[in-house]
Amino acid sequence: MTTATDATSATDTSPATDTTPATDATSATGPRPSGAHPADAPAGTPDPHPAGHGAAGPSAAVTPSAPAARAALAPPFPPLAEPRPLGEHRVWPRTFHDRLTAPLPGLKALARFAREGAVRPGPEGLADIPGLPYAPADLPRPGAGTMAVTWAGHASWIVQVGGLTVLTDPVWSRRILGTPARITPVGVPWEALPPVDAVVISHNHYDHLDAPTLRRLPRTTPVFVPAGLGGWFRRRRFTRVTELDWWEGAELSGVRFDFVPAHHWSKRTLTDTCHSLWGGWVLTAADGPRLYFAGDTGYGHWFTRIGRRYPGIDLALMPIGAYDPRWWLCDVHCDPEEAVRATQDVGARRMAPMHWGTFVLSAEPVLEPLTRVRSAWEKAGLARGNLWDLPIGASALLGPDTDGPVRPVTGAANAPAAPESAPR
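Reading the values: rules and limits
- Residues numbered from 1 in each chain as written.
- Predicted model: local features only at pLDDT ≥ 70, side-chain atom pairs only at ≥ 80, totals over all residues.
- Heavy atoms only, no water.
- Pairing = 2+ DSSP bridges.
- Helix = DSSP H or I, 4+ residues; strand = E, 2+ residues; numbered from the N terminus.
- Axes fitted to C-alpha atoms, helices over the stretch in contact; angles between N-to-C directions.
- 1 Å grid on protein atoms, 1.4 Å probe; cavity = no way out; pocket = protein on both sides within 12 Å on 5 of 7 lines; lining within 4 Å.
- Points joined across faces, edges and corners; volume = space filled by probe spheres on them.
- Nonpolar A, V, L, I, M, F, W, Y, C, P; charged D, E, K, R; others polar.
- Salt bridge = Lys/Arg side-chain N within 4 Å of Asp/Glu carboxyl O.
- Buried < 20%, exposed > 50% of the residue type's maximum accessible area, 1.4 Å probe, protein only.
- Phe/Tyr/Trp six-rings, centres within 6.5 Å; stacked < 30°, edge-to-face > 60°.
- Core = buried A, V, L, I, M, F, W, Y, C linked by side-chain atoms within 4.5 Å.
- Contact = heavy atoms within 4.5 Å.
- Polar contact = N/O pair within 3.5 Å; in protein donor to acceptor, adjacent residues only side chain to side chain.

J.: Would you mind going over the sheet that holds strand β10 (residues 290–293) in detail, with residue names and values included?
T.: The six strands lie next to each other as β7-β8-β9-β10-β11-β12, forming an open sheet whose pairing is mixed. The open sheet terminates on both sides in strands that have one partner only, identified here as β7 (248–252) and β12 (350–354). When the angles between neighbouring strand axes are averaged without regard to direction, this sheet yields 20°. Examined bridge by bridge, strand β8 (residues 255–260) and strand β9 (residues 280–285) share six bridges and lie antiparallel to one another. Bridging across to β9, Phe-257 finds its partner in Leu-283.

J.: Which residues make up empty space enclosed by the protein, and what values go with them?
T.: In total, this model carries one cavity of 30 Å³ or more according to the counting rule given. In this structure, the largest cavity encloses a volume near 140 Å³. Every residue lining the largest cavity is counted, 17 residues in all, and those nearest its centre are Gly-357, Phe-359, Val-360, Leu-361 and Glu-364. A breakdown of the residues in the lining of the largest cavity according to their chemical character gives ten nonpolar, six polar and one charged.

J.: I'd like a rundown of the pattern of salt bridges, residues and numbers included.
T.: If you walk through the whole model with that rule in mind, you get 15 salt bridges. The salt bridge involving Arg-90 is made with Glu-248; its shortest N-O contact spans 2.8 Å. Of the two residues, Arg-90 sits in the loop between α1 (66–71) and α2 (107–116) while Glu-248 sits in strand β7, which places them 158 residues apart along the sequence. The residues Arg-90 and Glu-248 share a single accessibility class, namely buried. Salt-bridge contacts for Arg-374 lead to Asp-389; the nearest nitrogen and oxygen are separated by 2.6 Å. Taken as a pair, Arg-374 in helix α9 (residues 368–379) and Asp-389 in the loop between α9 and β13 (395–398) lie far apart in primary sequence, 15 residues in all. Its relative accessible area of 37% is what places Arg-374 among the partly exposed residues. Asp-389 gets classed as buried once you look at its relative accessible area, which sits at 17%.

J.: Please set out the packing of aromatic side chains residue by residue, giving values where relevant.
T.: A full pass over the atoms with the stated rule returns 13 aromatic pairs. Seen from their ring centres, Trp-246 and Trp-278 are 6.3 Å apart, and the 80° between their planes marks the pair as edge-to-face. On the criterion of sequence distance, the pair formed by Trp-246 in the loop between β6 (241–244) and β7 and Trp-278 in the loop between β8 and β9 is long-range, its members being 32 residues apart. Given the relative accessible area of 0%, Trp-278 is considered buried. Here the aromatic rings of Tyr-299 and Phe-303 are separated by 5.8 Å at their centres, their planes lie at 25°, and the arrangement is stacked.

J.: Provide a residue-level description of the sheet that holds β13, including the pertinent values.
T.: Sheet strands pair by backbone hydrogen bonding; their relative direction is either parallel or antiparallel. Ordered in space as β6-β5-β4-β3-β2-β1-β13-β14, the eight strands form an open sheet in which the pairing is mixed. Each of the sheet's edge strands pairs with one partner strand only, and the pair in question is β6 and β14 (403–405). Strand after strand, the sheet turns through a mean of 20° between neighbouring axes, direction not considered.

J.: Give me the lowdown on the nonpolar core, citing residues and values where you can.
T.: Trp-157, Phe-257 and Tyr-292 are the most contacted members of the largest nonpolar core, which totals 84 residues. Contacts of Tyr-292, omitting those with residues within four sequence positions, involve Val-260, Trp-281, Val-282, Phe-303, Ile-306, Ile-313, Leu-315, Ala-316, Leu-317, Met-318 and Val-346.

J.: Lay out the pairing of strand β1 (residues 147–153) in plain terms, naming residues and giving numbers.
T.: Among the seven residues in β1, seven count as buried, and that is most of the element. As paired strands, β1 and β13 are joined by four bridges and run antiparallel to one another. Bridged to Met-147 within β13 is Leu-398. Bridge count between β1 and strand β2 (residues 156–161): five bridges; the pairing is antiparallel. Pairing of Trp-151 across the sheet is with Trp-157, part of β2. Linking β1 to β2, which pair antiparallel, is a turn of two residues; within it His-154 sits at a positive phi near 55°.

J.: Quick rundown of the side chain of Thr-95? Include the residues and the values.
T.: Along the chain, the position of Thr-95 falls in the loop between α1 and α2. Classification of Thr-95 by relative accessible area gives buried; the value is 7%. Looking at Thr-95, its side chain comes within polar contact range of the side chain of His-97, at 2.5 Å.

J.: If you had to explain the environment of Gly-280 to someone new, which residues and values would you point to?
T.: With respect to the helices and strands, the residue Gly-280 is situated in strand β9. Of the residues examined, Gly-280 reaches a relative accessible area of 0% and is grouped as buried. In this structure the C-alpha to C-alpha distance between Gly-280 and Gly-295, which are 15 residues apart in sequence, comes to 5.0 Å.

J.: Describe unusual backbone geometry, with residues and values.
T.: Cis geometry is adopted by the peptide bond preceding Pro-78, which originates at Phe-77 and carries an omega value of -10°. The linkage connecting Asp-324 with the following residue, Pro-325, adopts the cis geometry, with an omega of 10°. Residue position: Pro-325 is located in the loop between β11 (315–319) and α7 (326–329). The phi torsion at Ser-253 lies on the positive side, around 50°, for a residue other than glycine. Within the secondary structure, Ser-253 sits in the loop between β7 and β8.

This is the structure we're talking about:
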């Protein structure tokens, strides 16, 4: 779900009983910062991530070793926490309202939304559905030290990194609660997936946490989820569930999974607003690139802090859609220009847009996010080859010998076209 429907405020701000609070683990509950980034370090502390150091910029030859390139950057600030044990059972506070970076809409905002809020584009905005980019192809087989990403649609990616196949926010369903059916098919048939080694979930909204899709997985699949969401998986008999707070990490087969903040919220029923956390993920392989999956987020100060804690992000998977009307969604969803700015803030050289062209969740024309993100990337003076605006179903590789989208070789010729009718 993409709109707030509960204005309840928080009173319980206690941390999990078995964790040491991180210095950045909470944030103010006031209005969203307008482009300002609060200082992270005490006065006089040298900036460990100076402007331009690791930020997106002109294209360059791929370095022989992504870990070596990261080692040349400033160290993480603050240092990363030790990995948590996999599958540990933890006790969390009843609510995470204290983590909101902007208040949820109150009665006045809800009344305005009921009076004037448009949540779907008009006929003109839906006319470009046949032109949405959709080019499925066979999944690549990356070699050692190479990462592959394949966009299945919305926030669902197949990430092959460090010898693992990881799914992000997997949604293979045709329809989710409260929205019209998807307007483009899934980019990768479920039957074409290799064995899934792990799943990461950003938060519990229905377009990111899809029960029918997750039922297709073996219950022994390792899942990495936000604090407070583990019970949902254990009730469905998943046996390897790792819950993490912001700035915490865990390791699986040499790949580190770090959970990082986002400007968003959580809600799945009428009574569970902000009862589980929300955020993004940083995946780091010892022998390969570093990936940032932003999940669902508005723009704000967290991006700079993520870049300082995880220097040398090679690729950012950034949401660019579901942003209109702006007055209603600006605190929880980036628009394309903000997504480009956030990519620069985290210091990522490359960006792959997501969270658009799959479900009609808001009022902007369906093709507008792509045209605006391309324009914003150009206006920022960034190398065009570092904007990986993949069609749904397409892949990109990042490693010592390759860097960029994969040209479809097989599979695309017989791929079904995107639907030609507006969603019902």
